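Overview (structure and organization)
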Amino acid sequence: MFVSHLLTIPITTVFSVIDFGGVFAGALGGAFAARENKRYQYDFVGVMGLALISALGGGVARDVLLNHGPPLALVDTRYLLVAMVGGALGLTVSHKRAWLRRALVGVDALALGLFAVAGSARALAAGLSFLPALLLGVTTAVGGGSLRDVFSGRTPQVFERGEPYAIVAAAASVVFLTAEHWLGLGTAATALAVASSFILRLATMRFRWKTHLAR
Amino acid sequence: MFVSHLLTIPITTVFSVIDFGGVFAGALGGAFAARENKRYQYDFVGVMGLALISALGGGVARDVLLNHGPPLALVDTRYLLVAMVGGALGLTVSHKRAWLRRALVGVDALALGLFAVAGSARALAAGLSFLPALLLGVTTAVGGGSLRDVFSGRTPQVFERGEPYAIVAAAASVVFLTAEHWLGLGTAATALAVASSFILRLATMRFRWKTHLAR
Amino acid sequence: MFVSHLLTIPITTVFSVIDFGGVFAGALGGAFAARENKRYQYDFVGVMGLALISALGGGVARDVLLNHGPPLALVDTRYLLVAMVGGALGLTVSHKRAWLRRALVGVDALALGLFAVAGSARALAAGLSFLPALLLGVTTAVGGGSLRDVFSGRTPQVFERGEPYAIVAAAASVVFLTAEHWLGLGTAATALAVASSFILRLATMRFRWKTHLAR
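If you're wondering where the values come from, they're calculated on a predicted model, not measured in any experiment. (Residues numbered from 1 in each chain as written. Chains lettered and ligands numbered in written order. Predicted model: local features only at pLDDT ≥ 70, side-chain atom pairs only at ≥ 80, totals over all residues. Heavy atoms only, no water.)

All names here are of chain A. If you check UniProt for "domain: Glycine transporter" (unreviewed entry), the listed places come out as residues 17-92 and 107-179 in our numbering. Strand forms 0% of residues 17-92 and helix 83%; the C-alpha atoms that close the span are 24 Å apart. Counting secondary structure, residues 107-179 comes out at 77% helix and 0% strand; the distance between its end C-alpha atoms is 24 Å. (UniProt positions renumbered as here; feature names shortened; annotations may be inferred. Helix = DSSP H or I, 4+ residues; strand = E, 2+ residues; numbered from the N terminus.)

Shown next, in the form of structure tokens:
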């Protein structure tokens, strides 16, 4: 009964849930990072500001680069609303609950691939070719966290050795762009990219894969 | 005689004076901050660069986000000229004169509200709704100083606990957007927003209101 | 034989070689800077990311500010390709070879003027006047390195006292804009600007001209 009901939910609704879930998780994570920052003493404005930058920065960077009207995050107010609720929650709830941290990582792992797909798909729609579409996919996925880091006076964490985060985003874009090219199916390509990058992200964490220092 | 003459000055001229005054004060303040910076040893280029970023960065960020032609600061050369004169002055005059500092704070307090109104008004004109218009108002008002901070390798000061600066800008935007909605009068709404945020800013300084650490 | 062949190469081809050479040198230099960074431990992603920002950041900043379609670096994939090859090379070859360092400085000195010209020319084409065109010329020339510095958590090096780098870029723009205005010859103005700024850059290095601390 329940499963058959689930099956009738259109896949685009699932994508939408992951999309807003990713924005929400980004804002919550951004707010937590601001509260835990040891170098600066952020107030309400700083926590909300860094939450919004974390949640929406990647998509805004993508849209500014594509130069195709105001960013989606400003036009479709739901993004801003979800980010503000996430930031407000991140301002108030305890950021030490282990289950919340784990849930955040899970939602983020799902959204990482979808954000990369959204960036690459928008780039293709703007007439760009494979390589720029790949770059914009990665930018969309890791841009929010990177801008938050820059606005916290430090280099983006995805640039430093450690977990292979940007590489997973690049993998999602490559899977999507390849599937899109050969299958020509937007939804299937998206699902394939999100699923494979989710599994890859979980694998990198499970097996503690780390990137090497380049020197 | 003098007063009656004053009364014949159109209110838009008053706004224009505040607008350019704010750009000038922003450039002067940016140049002073660069000269006083203890971490970096800025030269002529650094002082002028940070002066221009301080003075024009908020409006440029707003226009880049709205994606509606080149930024006003590049199209209307008067903005760039005023900012360059302010920067050049900030490079040469003593930055320790108390009266100059106080004048700067006063002009900045007036311009803060007008910048927020300019951001929100442009956002409305671009078809955005209340919440994005509020965000763009605050971005316009605090964006210049924030970008200067980021280009100085640190987090925006408006994100740190201390004087409630961004909140005053947000108040100006809310007053403007509410007045605009109910009264439908652009000039009256602007005057109301600028006056109320000016008073609020003076009050926060007079009573030493501070924001709290969020942790 | 060889010389006569050289003379038949159109000047625009020479400019194109300098242009891509500058992008290549920018990426190589950015990768080297990332590998030598003492504050952060960059991995493959960081080196490539900072290489791309160094190589393409100035032109992207210019195009985002001009608000005239997606950045050239995303539309014309050759830029991205050249930057990625430069970054990949910068990741692998030894960054201590003196001849390579010297070659980098030479190519960069040639490209500096051309980048400034490209920025000013695009600004003129967008209908902007002298002063904004000068600012965009300098932004294009020094923007990549500056953004790399900001993304490395520090102030742009061109803002600090030392070699007069941004001033040489400004000189190239002024020469170009003046020549363009009086001679009305795009190619001659470009050649004049690139040659004079190249000589000026070499002179500043040869005679160790330094800018003064502004305090």
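Now for the packing of helix α6 (residues 98-125) of chain A against helix α7 (residues 130-151) of chain A. Residues and elements named next belong to chain A. Following both chains from N to C, one finds α6 and α7 inclined at 140 degrees, their axes separated by 7 Å at the closest point. The angle between α6 and α7 places the two elements in the oblique class. As for the relative orientation of α6 and α7, their crossing is right-handed in sense. Note on element contacts: α7 touches α6 through A133, L134, L136, G137, T140 and A141, opposite L112, F115, A116, G119, S120, A123 and L124. Taken together, the residues of the contact of α6 with α7 sort by class into nine nonpolar, four polar and no charged. (Axes fitted to C-alpha atoms, helices over the stretch in contact; angles between N-to-C directions. Parallel < 35°, antiparallel > 145°, perpendicular 65-115°, else oblique. Left-handed = near helix turned anticlockwise from the far one by under 90°. Contact = heavy atoms within 4.5 Å. Nonpolar A, V, L, I, M, F, W, Y, C, P; charged D, E, K, R; others polar.)

So, on to helix α9 (residues 186-206) of chain A. For an α-helix, the turn length of 3.6 residues means that residues three or four places apart are oriented alike. A rise of 1.5 Å per residue sets the reference length of α9 of chain A, with its 21 residues, at 30 Å; its end C-alpha atoms lie 30 Å apart and thus fit the reference within 8%. Taken from the residues just after α9 of chain A, R208 of chain A is the one with a positive phi, measuring 50 degrees. (Expected span 1.5 Å × (residues − 1).)

Here the focus is the UniProt feature "transmembrane region" (unreviewed entry) in chain A. Summarizing the sequence annotation, UniProt attributes the feature "transmembrane region" (unreviewed entry) to residues 6-28, 40-60, 72-91, 130-151 and 185-203 of chain A in the numbering used throughout. Taken end to end, residues 40-60 of chain A comprises 81% helix and 0% strand; its first and last C-alpha atoms sit 25 Å apart.

Listed by partner, the interface residues are 28 residues for chain B and 34 residues for chain A. Buried area between chain B and chain A, both sides added, is near 2,500 Å², and the carbon and sulfur share of it is 63%. Among the residues chain B hides against chain A, the three largest losses belong to N67, F159 and R215 of chain B. Together they make up 27% of the total. Between chain B and chain A we count zero salt bridges in total. Between chain B and chain A we count 14 residue pairs in polar contact (both at pLDDT 80 or more) in total. Elements with a minimum of two residues in the side of chain B that touches chain A: α3 (44-66), α7 (130-150) and α8 (165-183) of chain B. Sorting elements by how many residues they give to the side of chain B that touches chain A places α7 of chain B first, with six residues. (Buried area = accessible area lost by both parts, 1.4 Å probe. Salt bridge = Lys/Arg side-chain N within 4 Å of Asp/Glu carboxyl O. Polar contact = N/O pair within 3.5 Å; in protein donor to acceptor, adjacent residues only side chain to side chain.)

For the coordinates displayed, the defined rule picks out twelve aromatic pairs over all chains. Residues Y40 of chain A and Y42 of chain A carry aromatic rings whose centres are separated by 6.0 Å and whose planes lie at 50 degrees to one another, so their mutual orientation is tilted. For the residue pair Y40 of chain A and Y42 of chain A, the accessibility class agrees, reading buried in each case. Taken together, the aromatic side chains of Y40 and Y42 of chain A together with F159 of chain B make up a single cluster linked through ring pairs. (Phe/Tyr/Trp six-rings, centres within 6.5 Å; stacked < 30°, edge-to-face > 60°. Buried < 20%, exposed > 50% of the residue type's maximum accessible area, 1.4 Å probe, protein only.)

Right, let's get into the environment of G143 of chain C. Residues and elements named next belong to chain C. Along the chain, G143 turns up in helix α7 (residues 130-150). Distance in space between the C-alpha atoms of G143 and A33 is 16 Å, their sequence separation being 110 residues. When sequence neighbours within four positions are dropped, the list of residues in contact with G143 reads G57, G58 and V138.

A word on the interface of chain B and chain C. Each partner contributes to the interface: chain B provides 34 residues, whereas chain C provides 28 residues. Across the chain B to chain C interface the summed buried area is about 2,500 Å²; carbon plus sulfur atoms make up 64%. In this structure, the connection of chain B to chain C is made through 13 residue pairs in polar contact (both at pLDDT 80 or more). When contributions to the side of chain B that touches chain C are tallied by element, the ones reaching two or more residues are α3, α4 (72-75) and α5 (77-92) of chain B.

Superposing chain B onto chain A takes a rotation of 120 degrees plus a shift of 0.0 Å along the axis, which leaves an RMSD of 0.0 Å. A rotation of that kind, with that shift, is consistent with a three-fold axis. Looking at the rotation axis and the C-alpha trace of chain B, the residue lying nearest is G153 of chain B, at 3.0 Å. Of all interface residues in chain B, a mere 18% are interface residues in chain A too; the two copies therefore contact each other through different surfaces. (Least-squares fit on C-alpha atoms with pLDDT ≥ 70 in both.)

For the rest of this paragraph, the subject is the side chain of D43 of chain B. Topologically, D43 of chain B is positioned in the loop between α2 (11-36) and α3. The side chain of D43 of chain B is buried and forms no salt bridge, while R161 of chain C, the nearest opposite charge, is found at 8.5 Å. Of note is the side chain of D43 of chain B, whose polar atom sits 3.0 Å from the backbone nitrogen of G46 of chain B. If near-sequence neighbours (up to four positions away) are discounted, D43 of chain B is found in contact with V158, F159, E160, R161, T211, H212 and A214 of chain C. (Lys, Arg positive; Asp, Glu negative; His and termini not counted.)

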